[in-house]
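A closer look at the structure
Next come the chains, spelled out residue by residue.
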Amino acid sequence: MKERILQLQPYKPGKSPEQIKKEYNVDEVIKLASNENAFGCSPKIAKAVQEALKEAATYPDGNAEIIRQKVAQHLQVKENELLFGAGLDEVIQILSRVLLCEGDNIVTANQTFVQYKHHAVIEGAEIREVPLVDGRFDLEGIRSAIDEKTRIVWICNPNNPTGTYVTEEELVSFLHKVPGYVTVVLDEAYYEYVVAEDYPETVPLIKNYDNLIVLRTFSKAYGLASLRIGYAVGNEVLIAKLNIGRLPFNTSTIAQVAAATALDDQEFIKHTVSETRTGIELFEQELETLGVSYYPSQTNFIFVHTKDPQAVFTKLIEKGYIVRPMPNGVRISMGTMEQNKAVIEILKNDINKDLLV
Ligand SMILES: *Cc1c(COP(=O)(O)O)cnc(C)c1O
């Protein structure tokens, strides 16, 4: 096998709620570890999916027309400026597979979504990681790391796991300076949650930059993580080439129908976003009062700095709340208001202040 495969690990899912219930002797387990939508998905989806199940015996439309038309209309782009994948995970794989050769390099941040790196290693590309500054992508640093072998710059905006964002001004100035042979990928998995006024509206920019790709997903605010569907928007020539690296039937009819129904229910998105934002603001306010350091978030999760992430993780899991430990903190996904308040109470009352920074 490829020797470089040996330096990687397969994706390790967290323990199942059932395992945790047994191991920690808790009755109920709330998962706040994967940034899923605590409010589920649009109630209209169940019926549409039920109907689509009648087609289970036939292959899906490989071109995903049902959802392609909807998204094209929603974003005001051409249908051939879109590429659909089994979640963004697959779109990231396609981009890496099509664009990276051995000896090429990618440039990204040192603390961001891990799949960019994973696929670069598989393709034999070098990884250049530029440190975040105050939890934010350092676009100047990234620009300095680009050379003639750079093929992809991955910018996660807002960034997972820090929740911070790159502004329109920073991005436009960066795009202006990046050489045309570098594909700049903006991963906007949390786009719907953003409230900051200076966050860039990037889809119109693909008209000016044929090396720009924007990624969006139905897994987060739309609440369809289990159905696996997301997409890339970009210049039609580049999209056509990426399409060569795509599996013929990569998104199921069920996923296509569910996504189309989800896109039509913008009321659900409004509700999700407003409830989530209230949760984020409550966390920020309470952490402020506690004197605990965190990154201001434009997403459905918050990154809390902790001296001993594993200890904080364990304390929360003993109370039935699963969060995601990181080397320098914990990432907590927003739950319902009741769940958010419960987590805050645990941080306040059950965790030694010395463990939090
Ligand atoms: C969740 C997430 C993804 C993957 O989403 P899927 O569409 O479910 O594969 C990609 N990028 C970021 C930054 C994410 O947080």
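Residues numbered from 1 in each chain as written. Predicted model: local features only at pLDDT ≥ 70, side-chain atom pairs only at ≥ 80, totals over all residues. Heavy atoms only, no water.

Looking at an unreviewed UniProt entry, the chain carries the name Histidinol-phosphate aminotransferase, with the source organism given as Pallidibacillus pasinlerensis. Reading the Pathway (unreviewed entry) entry of the UniProt record for the chain gives the comment "Amino-acid biosynthesis; L-histidine biosynthesis; L-histidine from 5-phospho-alpha-D-ribose 1-diphosphate: step 7/9." The UniProt entry for the chain carries the following comment under Catalytic activity (unreviewed entry): "L-histidinol phosphate + 2-oxoglutarate = 3-(imidazol-4-yl)-2-oxopropyl phosphate + L-glutamate". (UniProt positions renumbered as here; feature names shortened; annotations may be inferred.)

Next up on the list: the pattern of salt bridges. Here the structure, examined in full by the defined rule, presents 21 salt bridges. In this structure, aspartate 89 engages arginine 228 in a salt bridge whose closest nitrogen and oxygen atoms are separated by 3.4 Å. Of this pair, aspartate 89 sits in helix α4 (residues 87–99) while arginine 228 sits in the loop between β7 (212–217) and β8 (230–234), and the two are 139 residues apart along the sequence. A salt bridge links glutamate 281 to arginine 277, with the shortest nitrogen-to-oxygen separation between them at 3.3 Å. Taken together, the positions of glutamate 281 and arginine 277, both in helix α10 (residues 266–290) and four residues apart, correspond to about one turn of that helix. Residue class for glutamate 281 comes out partly exposed when judged on its relative accessible area of 43%. Take arginine 277: its relative accessible area is 14%, and that puts it in the buried class. In this structure, a network of salt bridges that share partners links the residues Glu126, Arg128 and Asp147. (Salt bridge = Lys/Arg side-chain N within 4 Å of Asp/Glu carboxyl O. Helix = DSSP H or I, 4+ residues; strand = E, 2+ residues; numbered from the N terminus. Buried < 20%, exposed > 50% of the residue type's maximum accessible area, 1.4 Å probe, protein only.)

Now for the environment of asparagine 110. Tracing the chain through its elements places asparagine 110 in the loop between β3 (105–109) and α5 (115–123). Residue class for asparagine 110 comes out partly exposed when judged on its relative accessible area of 41%. The spatial distance from the C-alpha of asparagine 110 to the C-alpha of valine 130 is 5.5 Å, given a sequence separation of 20 residues. When near neighbours in sequence (up to four residues on either side) are disregarded, asparagine 110 contacts Glu129, Val130, Pro131 and Leu132. One polar contact links the side chain of asparagine 110 to the main-chain amide nitrogen of leucine 132, over a distance of 3.0 Å. (Contact = heavy atoms within 4.5 Å. Polar contact = N/O pair within 3.5 Å; in protein donor to acceptor, adjacent residues only side chain to side chain.)

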